[in-house]
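Survey of secondary and tertiary structure
Here's the letter readout for the chains.
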Amino acid sequence: MRTNTFLWFVQGLLAALFLFAGGMKLVFPLEAMQQGPIVLPGPFLRFIGVAEVCGALGLILPWALRIRPRLTPLAACGLVVIMIGATVITAWGGQAAGALFPLTVGALCGSIAYGRSLILYPA
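A short tour of the structure in this document, coming up. (Residues numbered from 1 in each chain as written. Predicted model: local features only at pLDDT ≥ 70, side-chain atom pairs only at ≥ 80, totals over all residues. Heavy atoms only, no water.)

Contact geometry for helix H1 (residues 2–27) and helix H3 (residues 42–65): axes closest at 8 Å, N-to-C directions at 155°. Between H1 and H3, the interaxial angle falls into the category roughly antiparallel. The handedness of the crossing between H1 and H3 is left-handed. Of the residues in the contact of H1 with H3, the class split is 17 nonpolar, 6 polar and 3 charged. (Axes fitted to C-alpha atoms, helices over the stretch in contact; angles between N-to-C directions. Helix = DSSP H or I, 4+ residues; strand = E, 2+ residues; numbered from the N terminus. Parallel < 35°, antiparallel > 145°, perpendicular 65-115°, else oblique. Left-handed = near helix turned anticlockwise from the far one by under 90°. Nonpolar A, V, L, I, M, F, W, Y, C, P; charged D, E, K, R; others polar.)

Okay, here's the thing in structure tokens:
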């Protein structure tokens, strides 16, 4: 019971984070987002925004609605991949300390994937 409550709490925080971050990538002008040490192409940034919004919905809706709950760990795994990329790009841009945030978010996504998989497929 405590594990499920903890997973829901983390899922809610991560869903809010990814919904906000992905929504900003979809709404902001491309020129505003293409600043910094590493410039990513505009269509790629839009794709990442769509993936983050879909991942945020995938963290909550399948498990909450009990419609294909196996999609929740898959959404968390997809967000882990995105956060690995964010960590590498941030570190590559010369901000090693700044890379700790996406690394932590990726680890939390991995814990959701692992925890929800254990509930679906107990040992």
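Here the narrative resumes.
This part takes up the packing of H1 against helix H5 (residues 100–120). To characterise two packed helices, one gives the angle between the axes of the helices and the distance between these axes. At a minimum axis distance of 10 Å, the contact between H1 and H5 shows a crossing angle of 135°. Comparing the axis directions of H1 and H5 gives the class oblique. Between H1 and H5 lies a crossing of left-handed hand. From H1, Asn4, Leu7, Trp8, Val10, Gln11, Leu14, Leu17 and Phe18 reach across to H5, where they touch Phe101, Val105, Leu108, Cys109, Ser111, Ile112, Gly115, Arg116 and Ile119. Partitioned by chemical class, the residues of the contact of H1 with H5 number 12 nonpolar, 4 polar and 1 charged. (Contact = heavy atoms within 4.5 Å.)

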